[in-house]
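Coordinate analysis (summary)
Each chain is listed here by its residues.
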Amino acid sequence: MQHGCRCIGLSRAAYYRTPLGSERDADIIQALNALLDNHPRWGFWMCRKVLRRQGHPWNHKRLYRVYCELRLNQKRRAKRRLPTREKQPLSVPHRPNQVWSADFMSDALHAGRRFRTFNVIDDFNREVLHIEIDTSITGRRLIHIFERLRQERGLPDTLRVDNGPEFLSGDFVAWAGQAGMEMRYIQPGQPNQNAYVERFNKTFRDEVLDLYLFRNLGEVREATYWWRIEYNEQRPHDSLGDLTPLEYLSRNAGTSTLQLST
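Residues numbered from 1 in each chain as written. Predicted model: local features only at pLDDT ≥ 70, side-chain atom pairs only at ≥ 80, totals over all residues. Heavy atoms only, no water.

Considerations on the packing of helix H5 (residues 44-53) against helix H6 (residues 60-69)
Applicable threshold: Inter-axis angles, ranging from 0 to 180 degrees, are taken between N-to-C directions of lines fitted to C-alpha atoms, where helices are fitted over the stretch in contact. Secondary structure is summarised from DSSP: a helix means a run of H or I of at least four residues, a strand means a run of E of at least two, and numbering begins at the N terminus for each. Roughly parallel covers angles under 35 degrees, roughly antiparallel covers those over 145, roughly perpendicular covers 65 to 115, and oblique covers all other angles. By convention, the crossing between two helices is left-handed when the near helix turns anticlockwise from the far helix through less than a right angle, and right-handed when the turn is clockwise. By the convention used here, residues are in contact when the closest approach between their heavy atoms is within 4.5 Å. Asp, Glu, Lys and Arg are counted as charged, while Ala, Val, Leu, Ile, Met, Phe, Trp, Tyr, Cys and Pro are counted as nonpolar; the rest, among them Gly, fall into the polar class.
At a minimum axis distance of 11 Å, the contact between H5 and H6 shows a crossing angle of 130 degrees. On the basis of their axis angle, the class for H5 and H6 is oblique. Every pair of crossing elements has a handedness; the one defined by H5 and H6 is right-handed. Facing Phe44, Trp45, Cys47, Arg48 and Leu51 of H5, the residues of H6 in contact are His60, Leu63, Tyr64 and Tyr67. Of the residues in the contact of H5 with H6, the class split is seven nonpolar, one polar and one charged.

As for the pattern of salt bridges
Defined as follows: Here, a salt bridge means any side-chain nitrogen of Lys or Arg that lies within 4 Å of a carboxyl oxygen of Asp or Glu. The rule is simple: take the accessible area with a 1.4 Å probe, protein chains only, and divide by the maximum for that residue type; under 20% is buried, over 50% is exposed, in between is partly exposed.
Applying the stated criterion across every chain, the model contains 20 salt bridges. For Asp25, the salt bridge identified is with Arg24, shortest N-O distance 3.8 Å. Take Asp25: its relative accessible area is 2%, and that puts it in the buried class. Of the charged contacts in the structure, one is a salt bridge between Arg205 and Asp107, with a shortest N-O distance of 3.0 Å. Of this pair, Arg205 sits in helix H10 (residues 195-209) while Asp107 sits in strand S1 (residues 99-108); the two residues are 98 residues apart in sequence, bridging distant segments of the chain.

Structural notes on empty space enclosed by the protein
Quick reminder of the rule: Here a cavity is any set of points on a 1 Å grid over the protein atoms alone where a 1.4 Å probe fits but cannot get out, and a pocket is any open set with protein on both sides within 12 Å along at least 5 of 7 lines; a residue lines the site when it has an atom within 4 Å of a point. Grid points are joined across faces, edges and corners, and a volume is the space filled by probe spheres set on the points.
Within the structure shown, the criterion is met by one cavity of 30 Å³ or more. Around the largest cavity sit Arg48, Leu51, Arg52, His56, Trp58 and Leu63, which together line it. For the lining of the largest cavity, the element with the most residues is H5, which contributes three residues. Here the residues of the lining of the largest cavity are counted per class, giving three nonpolar, one polar and two charged.

A look at the confidence of the model for the protein chain
As a reminder of what qualifies: The predictor rates its confidence in each residue with pLDDT, a number between 0 and 100.
Averaged over all residues, the pLDDT of the protein chain equals 85, while 85% of them reach at least 70. Below pLDDT 50 for its whole length, residues 255-262 participates in twelve contacts with residues either more than four positions away or in separate chains.

Structural notes on the layout of surface pockets
Volume-wise, the largest pocket comes out at about 290 Å³. What lines the largest pocket is simply Ile121, Arg126, Tyr196, Arg199, Phe200, Thr203, Tyr231, Arg235, Pro236, His237, Asp238 and Ser239. For the lining of the largest pocket, the leading source of residues is H10, giving four residues. Across the lining of the largest pocket, the residue classes tally to five nonpolar, three polar and four charged.

Focus on the nonpolar core
What counts here: Only buried residues count toward a nonpolar core. Its members are Ala, Val, Leu, Ile, Met, Phe, Trp, Tyr and Cys residues joined through side-chain atoms within 4.5 Å.
Phe118, Phe146, Leu159, Phe167 and Phe172 are the most contacted members of the largest nonpolar core, which has 22 residues in total. At the level of secondary structure, the elements contributing two or more residues to this core comprise S1, strand S2 (114-122), helix H7 (139-153), strand S4 (158-161), helix H9 (170-179) and strand S5 (182-185). With five residues, H7 is the largest single contributor of residues to this core.

Topic: the pairing of S2
As a general feature of sheets, a regular strand has side chains that alternate between the two faces. Rules: For two strands to count as paired, DSSP must find a minimum of two bridges between them.
Of all nine residues in S2, seven are buried, a share of seventy percent or more. For S1 and S2, the ladder comprises nine bridges, and the chain directions are antiparallel. Residue Ser101 lies in a different strand from S2, and its bridge partner there is Ile121. In this structure, the hairpin formed by S1 and S2 is closed by a connection of five residues, where Gly112 is found at a positive phi of approximately 100 degrees. Here S2 pairs with strand S3 (residues 127-134) via seven bridges, running antiparallel. Bridged to Thr117 within S3 is Ile133. Connecting S2 to the antiparallel partner S3 that follows it, the hairpin turn spans four residues, and Arg126 within it adopts a positive phi of roughly 60 degrees.

As structure tokens, this is what we get:
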């Protein structure tokens, strides 16, 4: 051993010495663990600031080394680049199929499996036109949904949506342009610009998604189907003068437009 240490230029004392390792950093490890037990989502710089306020003198380089050795460093989410959007006024349509609003929601089954809902409403009378439920809904899936709606009642002049990847997909945007449907994107982080469907989402969550524990997607679809009928035909709306969506459509759009929803 002595010959080997001499060959590599290492003293025997250094070879036999027990590495300090975690023993030297025991206080830092204990302080970090105590901090993150109560605040597991705090990052390094927040931990460092709080430890400084508590009077610990450790250098930030040493603290970061121990932080990484404990594998506490969290992956930073990259900010998604979105095109610049102009503020969109929330106008009230004067006829059916003038402006539709669409949005996604997310929930989970009783076993923990996640699923999504895709909701489409007519802003004119707040009528629920479609609710698609599945574990995955892509841009191509949206094309099939709107093709079915086109056969049932036509397409809107304008579709108001957020900046979700499904609405930005090349296939869906190209199809919307060919179908003559204008895409109106709200500003990022401004859900109030899509207030009609956001208000509907809250009602749908309160009265269906949060009210029941669903075992499978079939149960979600069945409960949604019957609730949608009740919502359109029996549930009065304050914004419609206490009329149901179909009653408001009948009184304000004439019998010819009523036939579009039947």
